[in-house]
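The primary structure of each chain is shown beneath.
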2 protein chains.
Amino acid sequence: MTQRSLEKLLRPSSIAVVGASDDPTKVSGRPIAYLKRYGFAGKIYPINPRRTEVQGLTCYPSIEATPGAVDLAVIAIPATAVVQTLNDCVDAGVRSCIIFSSGFSELGEEGGALQREITGIARRSGMRVLGPNCQGVFSVGTKAAPTFASAFAQGDLTVGSGAIVSQSGAVAAMLYQLLGNAGSGIQYYVATGNESDVTVADVMLDVVRDPEVSVVLGYLEDLKDPDGLADAGQVARQEDKPILVLKSGRTAEGKVAASSHTGALAGDDDAVDEFFHKHGIVRVGDLIELAAFSQMFGQKRRAAGRRVAVITNSGGLGVMVVDQCKALGLEIAVLQSDTIAGLKAMLPTFASAANPVDVTTQLLVEPRLLSRAVPLLMEDPGVDAVLASFGALGGGYDIDAIIGDLAQANDEHDALLAVGWVGSHQSIIQRLGAGGVPAAQNPSLVVRSLAAYVDFSLDRADSAGDDSATSARGAVANAATAPGLVSIPDAAAVIAAYQPLTDDGFLSEYNSKRLLDQLGVFQMSDVLVAPTSAVTDGPAQLTFPVVAKASSPAIPHKSDHGLVVLNIADEQRLETVVKELIARAEDIAPMGTVEGVLVQKMVKGGFEAFLGVKQDPTFGHVVVVGAGGVFIEIFSDYQCVLPPISYGYALDKVKALKAFPAMTGARGGDEADYEALARLVVEVGRVVEHLGDALLEMDLNPVKVLPKGQGVAVLDALIRLRTDESAARMS
Amino acid sequence: MTQRSLEKLLRPSSIAVVGASDDPTKVSGRPIAYLKRYGFAGKIYPINPRRTEVQGLTCYPSIEATPGAVDLAVIAIPATAVVQTLNDCVDAGVRSCIIFSSGFSELGEEGGALQREITGIARRSGMRVLGPNCQGVFSVGTKAAPTFASAFAQGDLTVGSGAIVSQSGAVAAMLYQLLGNAGSGIQYYVATGNESDVTVADVMLDVVRDPEVSVVLGYLEDLKDPDGLADAGQVARQEDKPILVLKSGRTAEGKVAASSHTGALAGDDDAVDEFFHKHGIVRVGDLIELAAFSQMFGQKRRAAGRRVAVITNSGGLGVMVVDQCKALGLEIAVLQSDTIAGLKAMLPTFASAANPVDVTTQLLVEPRLLSRAVPLLMEDPGVDAVLASFGALGGGYDIDAIIGDLAQANDEHDALLAVGWVGSHQSIIQRLGAGGVPAAQNPSLVVRSLAAYVDFSLDRADSAGDDSATSARGAVANAATAPGLVSIPDAAAVIAAYQPLTDDGFLSEYNSKRLLDQLGVFQMSDVLVAPTSAVTDGPAQLTFPVVAKASSPAIPHKSDHGLVVLNIADEQRLETVVKELIARAEDIAPMGTVEGVLVQKMVKGGFEAFLGVKQDPTFGHVVVVGAGGVFIEIFSDYQCVLPPISYGYALDKVKALKAFPAMTGARGGDEADYEALARLVVEVGRVVEHLGDALLEMDLNPVKVLPKGQGVAVLDALIRLRTDESAARMS
């Protein structure tokens, strides 16, 4: 966790603006205009050698010339002058800087070099730097507005409990506008731009601790700081606050070239999903969701369960909302008989008192109907949330009464309340939101947001009972919970014993398995028959039928070359096969790389799975576990897991496979030893951590999950280690 | 197709209002108020025995007393008086009625009986009846407003080219409001209520032919009239207009009980999806989509392809829109070098001239930038659609110029244009919509709508080349296109030969296969060894190894009872197995139902599929084809097909299976004879049509799809015919 505080960047007492303009509409004039407009109580020091006064304030020729200490300097000058100014700031004891100027890494290598100088200054001096190429900060608590965002040029500030933290200034501005439209608002508005020093994660880590902040809204284009985000996720869990993120570039076409099966299968975005999931950060689909979800997630109370009551003025709309609830895993509450009786007493006979409750046009006749009906639903012990869904409330309806009654019911009850109001004027949504009631014009959006919030609430409630806040998501591997684990010997020493590799870094199947055996992942029972040996020289007894495979690191994909022979019934046939395989392999592989023929017991039956390790450009190693065979690729049935991996988390991931029911015996087959598969995931996770950078990729495929109690059989294994050449090819 | 015209209902020249009130705000007063307000040019006859004048018009004591012919009578009186009034209308030669009154089938059986009387009157007299329990009609062309919808009480009429046809009045009103908010509007507004006579489909069939209508928006809670909807879909195709529908009740919990595998697997909603798909009707997900899609689909021009150019003022937003496009199957256009050069010339150096095009804040500096940039993109021959995505355009931007430039570009170019404008005021969306540019505040919604429109356009373009407008979707089974089909003998005669069945209507596997053999579906090679025969009595030679199964209609699921023995190597072993199976079966099955032991060649390999027929409460028989084995249920990999089924359509469905790549040999296995599977689907479709109601359910499972050219092998078959008892259990 970062030791370098953002206190002076986000909550400064004195702000200097280098390059300050007298024109309050210019980029370099806006910070002072905004500081004055919003009533910043600290010192403001315009810096401009060509002026003595700027926007009515005394102007100073240089940062050194200011009469008091400077907590934060805003730098609004051409890129070429930035580095010198930063050095001046360091000399003057400035604690933090915001660089508006563009012309850095966004322009490619030339600008990149200049930006690295900024990073160096920040790292060496301890002065925190936001930007360059950023819109800056608005910090509501201190009224500090060192930003040129045009969002603050006009209109009222929309204050609320959200913290917008975005790599893009334009996106931050859109979010600010969307929050305002929804009747909520901000405590912080931070655009981090090129992130030479301060990242989105750094800002999140700070603002999530602010008692005035109830929800953090993040926008990310690059995951530059995964460790920081993981820390932010952990602190958010401790603070019991949600972080919502929108990460763009979901379907990125550029992907790191990978030669393993696992690498080719799992997309980068799967690892991103898993990363956020693991760290309790909620990923949303688009900007509209981010703003709408923040209303729902910014509430003080959490969902106690999934049971939803729908109240509507249209039977048709009620049915549609019920459909959407069911599709997203919410349950339709069964109302208690008292509740139904109470509703019947207040509704006409042609209305529906069952869930979904249809008040029909009675709301026209009795404008205060909701003041009685909604509390009745919220008090029903079988109801966790009430979705009020309205539409076509035209002339004659008392909109003020409806809004007031909903806001009051929301204030006075523990169940959740949310409103979808089709075709309503934006001001209705805004007023509901300002009254604390999550609302949108689109009922589907409200249902999505509620469903996500219920998941989040129940997940937090589950993990609240754990000793460690992080263990629920498996951030800590705990050997005690995983039966059958053994300790791993010194990795470097083990690896050294497996040289030489191919240039590409591949180990043969035999050596891959031997390495995993030595690392304690599983016990190898395969026998290697060397080219010059007889089968009977093997160190262990063979149980026929067996499988024979030529073994050479130069031929990682043996089946493609006809170098695998199945179902060999006896020793005599094996002798023949071994000779043939060695001859064939020596035709293909470079001289001296054919280690011999690997002979293993033929395994029949079992559930076919695979397990692998791939390299992710952001997260490093990702363990992937999935259903095997032809269905791997067709149905994309796999789960990503980021090490370290606890047994409980691995088991959750195995159970999350779509094919998991096929391992439970529920479909008529044997119950498979899926717990052994989960243990294998843990073991592989430990190997990944111990081998570290030395490991490039791993495929265990197929892994047969045998009947309950019989464990797993790793039928093939392929490990690729880091060599100079293999590393170059991967980058 | 219906012969009974809706002309006088939807475009009347004279309207009587039975029960007319002098109070223009009452339900019974509104039709006359609206007719006057909107300037209906025809005759208006208030009918009320207690008044001589209503809202300034001469009032008549009865429908017979009107001085001229009545095209349409609106009935706004208590339910108990409705039938008599309808009879009076018939006697008076009234051509159509709209019944506002409630108190009919929505109240259960008592009201249902009353409603059936209405239906009877309509059927016998030929007078068309809309309702009861309906909001009525607004027909813009004739200014006929026989409705009490409060949507028309205030404000301007929002005229456009949409036709809203809804079973629910409240939903119709919401749609009307949403269209108005989006700057589009209506030609027709029809709420059909309880549909005693006129259905949504009837209305669609009429309005889709109106030259002023470019898109039909339907809302359905019940599919009462599937044949009518199919007709409407066909006419819409001929008219080259889209019908969009929202069908609620997607996740209905109530389902017809079914005992076949197929019945249990495929949900009712799958059949609904397939029904709309087959008839070229576009199903949308929610109300907001329905309104937004109608803007996109209401355009005159269609999409020529999938290639999208994105232009934005925010790089972040551009990336997000590109993500969404890719996720929905749109392609990111590669701009021609001329286009890029042109953009570069008009943009600052830090802007992006590649796709997505980021104009940055240049739009602030040069307000008319889009008048040049957007046409440049629309003229690029590699661009089929331009998505303009804006956000955070606050003070200083010339919104009028932006809207005008977009509308003009849209008018003057053939490529599609659509706008997503985050956080914009509703009036901006409204103005863009009124200018013919599909627009929404949510860019994701715009991308969804564009993607659906591209699919629709390309699909229509594909089918335009066909001789028959319906053949592309397989509405006509064409034996000539399906090699290897044979004609089917008289179904009733065939069925008679298979009596007796069990009470449940099950045939034994042997008789199921024999029936399919006789119907020409496939040639059965199985041999039935009767309880008293020896194996050598069999009529055909056996090729070992074989499979033996006890055959009795009383035991439809043989494996569950250990009545299947695989891999029998020779005749001697077979003799033993046959005796054992017969003994075991006779222990389980009722006396006299064990037909013997079915012996069939053991089939190894092949892709495992299944094929079945289920009963749908709305559509009758649904053919279901899918991937077999344990993965059937886990991955739900199946497709529904509604008979009649053409070979081309069946092949499309087989290719739409997720597991289809496993049949192409692409994944390393043999190429399977999936064309034979498609032929089997066609054959089963023909059997379904010939057997008609006699067939309750069918399971062919597993069906082995053998290597290319070797056809399919139906390993097991189960047919269930309609008996008194089986029919009762299904209903």
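Labelled according to an unreviewed UniProt entry, chain A appears under the name CoA-binding domain-containing protein, originating from Blastococcus saxobsidens.

Enquirer: Help me get a handle on the pairing of strand β23 (residues 596-601) of chain B, residues and values and all.
Expert: Residues and elements named next belong to chain B. When you tally the buried positions in β23, you get five out of six residues, the bulk of the element. Across three bridges, the pairing between strand β20 (residues 527-529) and β23 is antiparallel. Counted as the bridge partner of V527 is V599 from β23. Pairing analysis gives six bridges linking strand β21 (residues 546-551) to β23, with the strands arranged antiparallel. The partner of S551 across the bridge, within β23, is G596.

Enquirer: A description of the relation of the copies chain A and chain B should follow, citing residues and the corresponding values.
Expert: What relates the pair of chain copies is a rotation about an axis plus a shift along that axis. Take chain A, turn it by 180°, move it 0.0 Å along the axis, and it overlays chain B with an RMSD of 0.1 Å. What the rotation and shift describe, once combined, is the action of a two-fold rotation axis. Taken together, the interface assignments show that 100% of the residues at the interface of chain A recur at the interface of chain B, consistent with an identical surface on both copies.

Enquirer: Explain the environment of G562 of chain A residue by residue, including any values.
Expert: Residue and element names in this part refer to chain A. Relative to the elements of secondary structure, G562 occurs in the loop between β21 (546-551) and β22 (564-568). For the pair formed by G562 and L581, sequence separation is 19 residues and the distance between their alpha carbons is 8.6 Å. When near neighbours in sequence (up to four residues on either side) are disregarded, G562 contacts L581 and R584.

Enquirer: Could you give me a rundown of the sheet that holds strand β12 (residues 243-247) of chain B, with the residues and numbers involved?
Expert: All names here are of chain B. In spatial order, the strands read β8-β10-β9-β11-β12-β13; together these six strands make up an open sheet with mixed pairing. Across the chains shown, the open sheet's two edge strands, defined by having one partner strand only, are β8 (136-139) and β13 (282-283). Alignment of β12 against β13, held across two bridges, turns out to be parallel. In the sheet register, L244 faces β13, and the bridge partner there is V282. Against the sheet, helix α6 (residues 200-207) contacts β9 (159-166), β10 (186-191), β11 (215-220) and β12, and its axis sits at roughly 155° relative to β9.

Enquirer: A description of the interface of chain A and chain B should follow, citing residues and the corresponding values.
Expert: Facing 49 residues of chain A, the contacting portion of chain B comprises 49 residues. The junction of chain A with chain B conceals about 4300 Å² of combined surface from both sides, 65% of it contributed by carbon and sulfur atoms. Here chain A is connected to chain B by zero salt bridges. Linking chain A with chain B are six residue pairs in polar contact (both at pLDDT 80 or more). At the level of secondary structure, the elements contributing two or more residues to the side of chain A that touches chain B comprise α5 (169-181), α10 (287-297), α11 (315-327) and α21 (631-635) of chain A. The leading source of residues in the side of chain A that touches chain B is α11 of chain A, at eight residues. Here the side of chain A that touches chain B is built from residues that sort into 21 nonpolar, 18 polar and ten charged.

Enquirer: Quick rundown of helix α3 (residues 82-91) of chain B? Include the residues and the values.
Expert: All names here are of chain B. Among all positions of α3, only V82, V83, T85, L86 and C89 are buried. Seen from one end, α3 has its buried residues packed into an arc of 160°, which puts them on one side. Where α3 is buried, its residues contact β1 (14-18), β5 (72-75), β6 (96-99), α4 (109-125) and β7 (128-130). Within two residues after α3, G93 carries a phi angle of roughly 80°, on the positive side.

Enquirer: Quick rundown of the pattern of salt bridges? Include the residues and the values.
Expert: Residues and elements named next belong to chain A. If you walk through the whole model with that rule in mind, you get 54 salt bridges over all chains. Residue D400 is joined to R431 by a salt bridge in which the shortest nitrogen-to-oxygen separation is 2.9 Å. Of this pair, D400 sits in helix α15 (residues 399-412) while R431 sits in helix α16 (residues 426-434); the two residues are 31 residues apart in sequence, bridging distant segments of the chain. With its nearest N and O atoms 2.9 Å apart, the salt bridge here joins E509 to K513. Here K513 and E509 lie together in helix α19 (residues 509-518), a separation of four residues that amounts to about one turn. Here K513 falls in the buried class, since its relative accessible area comes to 1%. Overlapping salt bridges bring together E509, K513, D526, K549, K558 and D716 as one network.

What counts and how
Residues numbered from 1 in each chain as written. Chains lettered and ligands numbered in written order. Predicted model: local features only at pLDDT ≥ 70, side-chain atom pairs only at ≥ 80, totals over all residues. Heavy atoms only, no water. Buried < 20%, exposed > 50% of the residue type's maximum accessible area, 1.4 Å probe, protein only. Helix = DSSP H or I, 4+ residues; strand = E, 2+ residues; numbered from the N terminus. Pairing = 2+ DSSP bridges. Least-squares fit on C-alpha atoms with pLDDT ≥ 70 in both. Contact = heavy atoms within 4.5 Å. Axes fitted to C-alpha atoms, helices over the stretch in contact; angles between N-to-C directions. Buried area = accessible area lost by both parts, 1.4 Å probe. Salt bridge = Lys/Arg side-chain N within 4 Å of Asp/Glu carboxyl O. Polar contact = N/O pair within 3.5 Å; in protein donor to acceptor, adjacent residues only side chain to side chain. Nonpolar A, V, L, I, M, F, W, Y, C, P; charged D, E, K, R; others polar. Arc of directions from axis to C-beta.

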